[in-house]
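Spelled out, the chains give:
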Amino acid sequence: MKPHGLMCPNILSFISSLLLLSHGVALAAENHEKFLKCLSLQSDTISEVLYTQNNASYSSVLKASIQNLIFSTPANPKPLFIITPFHVSEIQAAVKCSKKNGLQIRVRSGGHDHEGLSSISDVPFIIIDLINFSEISVDVEDKTAWVESGATVGQLNYRIAEKSQNLLAFPVGTCPSVGVGGHFSGGGYGALLRKYGAAADHIVDAHMIDVKGRFLNRESMGEDLFWAIRGGGGASFGIIVSWKINLVAVPSTVTVFAVPRTLEQNATKLLNKWQYIADRVHEDLFISPFLFRENSTMVSLFTSLFLGGVDRLLRLMQDSFPELGLTKEDCKEMTFVESIVYLDGFEIRESIDMDVLRGRNFPKRPFIGKADYLTEPIPEEAFQGIYDIFFEQDQKTNGLLVFFPYGGKISEISESEIPYPHRAGNIYTLLYYAEWGQEAIDDAYQRHVNMLRTLFNYMTPYVAKNPRTAYINYRDLDIGTNNKLGHTSVQEASVWGKKYFKNNFYRLVHVKTMVDPENFFRNEQSIPPFNLVKDEL
């Protein structure tokens, strides 16, 4: 055998690869220089908020807004540039120059995306981090506010409470470090959903930058685009920089509780009973169980926010859920804004430090999640299968199931009013969640994701069907993605799109086709435009 006969093709291939790589690197460097030159011509101030990979602050700026540490490891793809704008003109420049030079944009407000799509990409990209777009202006008399997308939901309700003497609020999620921009554009819901519906139900205007770099408000963007960004995922349509919202009334006193019950304390029967009353109790009452393993038993932690005093709460609980055995000693009265801190940690303390909501210094951790919607109760006997999955895990693998009740206002609004479609017929949302500490991320990730996928598969017979619905703010790439290379048809994208948006997906496609026909604003789960040649609806 002649060795040269085997080696020469490989050598030639290797040399060709080197030449192509060298050419590609040179071409990329040239494009990067063109991008930087374009920015300098478009904006006089952008150099002050631009971070290249050679900048000493690049790494700290990149990691500052990544809340999920899974996407903060060296192995993750990094942006070519990070821009932390203070002015709309800087965002406009970034959009125009990225489009001109073939770079994708990832927009980050709080950095909580479950799949890290606000911070990573497999193609050359930049990050526009809206951390400096965090102004909040509250008009108490008009009961409205303007809030920029980089503010957190904790900062928003802190400012509203401060200005209104604790009599106004906004219906957002229970995690105070989440950014307004992603939360609102995905629909957004929390402990006020039964009283007031989703966050996006209360948006009355918005300011955004479109694919042409234009600054638009509700009037200039038109009602179709305004509809799309309120629950359809803003990243598909442009960069939303601020939102005008209608505020909602809250009483000066609310009541909270967090009551644990183990299997030995009839946790299964209590969870089963909760399924039948959760969406039917008074709309002022939100009861959300957390189910987890603790040593050799399972614990169901019944948490609650009630819009009123403890005496009225106890009467309602006696009428609707006496089996829980709630007592006055289990409860704590406080202001609504204090309840945000409480619901983030479930600690009843003598005093609650409200200043924690003003900043962004929240603990960071690796986490994963998936979601389902249920339209009928899980059979009581099926809970044992859930427990078995928990008990099969080793001591280092811990998951959590969170039950969010529906009913009330969230269920009264039409499915098509905004893109967020999960309304009447749903009794609760089920969140599968896991987080862990500082152990090796790769190993821990695989163990925890295997557990959640096992739970998710086990639940298949019991959850919503045709489609098995999901929530875009609990983004889940397991349910389907766009093609990484080449065109993604509407039919292909509908595999995941109808799970998030049901039939609203097709209207979102229509809007996308009108405002971004070349699909500049895109990611693994962005709405695709309709292509007359390649698509057939």
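Conventions we followed
- Residues numbered from 1 in each chain as written.
- Predicted model: local features only at pLDDT ≥ 70, side-chain atom pairs only at ≥ 80, totals over all residues.
- Heavy atoms only, no water.
- UniProt positions renumbered as here; feature names shortened; annotations may be inferred.
- Helix = DSSP H or I, 4+ residues; strand = E, 2+ residues; numbered from the N terminus.
- Expected span 1.5 Å × (residues − 1).
- Buried < 20%, exposed > 50% of the residue type's maximum accessible area, 1.4 Å probe, protein only.
- Arc of directions from axis to C-beta.
- Contact = heavy atoms within 4.5 Å.
- 1 Å grid on protein atoms, 1.4 Å probe; cavity = no way out; pocket = protein on both sides within 12 Å on 5 of 7 lines; lining within 4 Å.
- Points joined across faces, edges and corners; volume = space filled by probe spheres on them.
- Nonpolar A, V, L, I, M, F, W, Y, C, P; charged D, E, K, R; others polar.
- Domains from an automatic or database assignment.
- Pairing = 2+ DSSP bridges.
- Core = buried A, V, L, I, M, F, W, Y, C linked by side-chain atoms within 4.5 Å.
- Axes fitted to C-alpha atoms, helices over the stretch in contact; angles between N-to-C directions.
- Parallel < 35°, antiparallel > 145°, perpendicular 65-115°, else oblique.
- Left-handed = near helix turned anticlockwise from the far one by under 90°.
- Salt bridge = Lys/Arg side-chain N within 4 Å of Asp/Glu carboxyl O.

For the protein, an unreviewed UniProt entry supplies the name FAD-binding PCMH-type domain-containing protein and the organism Citrus sinensis. Taken directly from UniProt, the Cofactor (unreviewed entry) text for the protein runs: "FAD".

> Would you mind showing me how to read helix α16 (residues 504-515) here?
Since the α-helix turns once every 3.6 residues, residues separated by three or four places project in the same direction. Taking 1.5 Å of rise per residue, the twelve residues of α16 would be expected to cover 16 Å, and the 17 Å separating its terminal C-alpha atoms lies within 8% of that figure. Taken together, the buried positions of α16 are occupied by Asn504, Phe505, Leu508, Val509, Val511 and Lys512. Along α16, the residues classed as buried sweep out an arc of 165° about the axis, all on the same side.

> Can you walk me through the environment of His282 in this structure?
Inspection of the secondary structure assignment puts His282 in the loop between α9 (267-277) and β13 (285-294). Residues within four places of His282 in sequence aside, it is in contact with Arg194, Arg312 and Leu316.

> What exactly am I supposed to notice about the layout of surface pockets here?
Leftover empty space is mapped by rolling, across the atoms, a probe with the size of a water molecule. One number sums up the size of the second largest pocket: a volume of about 570 Å³. Residue lining of the second largest pocket: 29 residues in total, with Ile70, Phe71, Glu115, Tyr445 and Leu477 positioned closest to the centre. For the lining of the second largest pocket, the elements supplying multiple residues, two or more each, are β16 (367-374) and α14 (441-458). No other element matches α14, which puts six residues into the lining of the second largest pocket. Each residue belonging to the lining of the second largest pocket can be placed in one class, and the counts come to twelve nonpolar, seven polar and ten charged. When we break the lining of the second largest pocket down by domain, the ones giving at least three residues each are domain 1 (18-129) and domain 3 (254-334 + 364-459).

> Whenever I open this one, the pairing of strand β14 (residues 297-306) confuses me. Can you help?
Residues in a regular strand point their side chains to alternate faces of the sheet. Within β14, ten of the ten residues are buried, which leaves it mostly tucked inside the rest of the structure. Here β14 shows a buried face lined by Thr297, Val299, Leu301, Thr303 and Leu305 and a second buried face lined by Met298, Ser300, Phe302, Ser304 and Phe306. Both strand β12 (residues 254-262) and β14 contribute to a ladder of eight bridges, which runs antiparallel. Among the inter-strand pairings, Arg261 is bridged to a residue of β14, identified as Ser300.

> Explanation requested: helix α12 (residues 383-392) in the structure shown.
Three or more residues of α12 are buried, namely Phe383, Gly385, Ile386, Tyr387, Ile389 and Phe390. Along its buried surface, α12 packs onto α9, β13, β14, β17 (399-405) and α14.

> So what exactly am I meant to see when it comes to the nonpolar core here?
For soluble globular proteins, nonpolar side chains are generally found buried alongside one another. Counting 86 residues, the largest nonpolar core has Phe184, Ile229, Trp243 and Ile245 as its most contacted members. Examining the composition of this core, we find that six residues originate from one element, helix α11 (residues 336-345), more than from any other. Residues from two domains meet in this core; each of domain 2 (136-249) and domain 3 (254-334 + 364-459) gives at least three. Apart from the residues lying within four places of it in its own chain, the contact partners of Ile229 are Phe184, Ser185, Ala206, Met208, Met221, Phe237, Ile240 and Trp243.

> Help me understand the packing of α12 against α14, please; the structure alone is not making it clear to me.
Closest axis-to-axis distance for the α12/α14 pair is 10 Å, and the angle between their directions is 165°. Considered as vectors, α12 and α14 are oriented roughly antiparallel to each other. Relative to α14, the crossing made by α12 is right-handed. Of the residues in α14, those in contact with Gly385, Ile386, Ile389 and Phe390 of α12 are Met451, Thr454, Leu455 and Tyr458. Considering only residue class, the contact of α12 with α14 consists of six nonpolar, two polar and no charged.

> Help me out: how do you make sense of the pattern of salt bridges in this one?
Where charged atoms from two side chains of opposite charge approach closely, those side chains can pair. A full pass over the atoms with the stated rule returns 25 salt bridges. One salt bridge in this structure joins Arg312 and Asp284, with 3.2 Å as the shortest N-O distance. One end of the pair, Arg312, is in helix α10 (residues 310-320); the other, Asp284, is in the loop between α9 and β13, and 28 residues separate them in sequence. Look at Arg312 and you get partly exposed, because its relative accessible area is 30%. With a closest N to O distance of 2.7 Å, Lys370 and Asp476 form a salt bridge. With Lys370 in strand β16 and Asp476 in the loop between α14 and α15 (490-501), this residue pair connects regions lying 106 residues apart in the sequence. A relative accessible area of 4% means that Lys370 is categorised as buried. Judged by relative accessible area, which is 4%, Asp476 ranks as buried. Ionic contacts of the salt-bridge type, sharing partners, join the residues Lys195, Glu283, Asp284 and Arg312 into one network.

> Can you walk me through the sheet that holds strand β9 (residues 215-216) in this structure?
The sheet built from five strands is open, its strands ordered β5-β6-β10-β8-β9 with antiparallel pairing. In this open sheet, the two strands that pair with only one neighbour each are β5 (136-139) and β9. Each of β8 (203-209), β9 and β10 (239-246) touches helix α3 (residues 88-100); the most contacted strand, β8, lies at about 55° to it. Helix α4 (residues 153-164) contacts β5, β6 (144-148) and β10 of the sheet and is inclined by roughly 35° relative to β5.

> Is there a simple way to explain the packing of α15 against α16 in this structure?
For any two helices packed against each other, one specifies the inter-axial angle together with the distance between the axes. At a minimum axis separation of 8 Å, α15 and α16 run at an interaxial angle of 125°. Comparing the axis directions of α15 and α16 gives the class oblique. When you trace α15 past α16, the crossing you get is right-handed. Residues Val490, Ala493, Ser494, Gly497, Lys498 and Phe501 of α15 lie in contact with α16, whose contacting residues are Asn504, Phe505, Tyr506, Leu508 and Val509. A breakdown of the residues in the contact of α15 with α16 according to their chemical character gives seven nonpolar, three polar and one charged.

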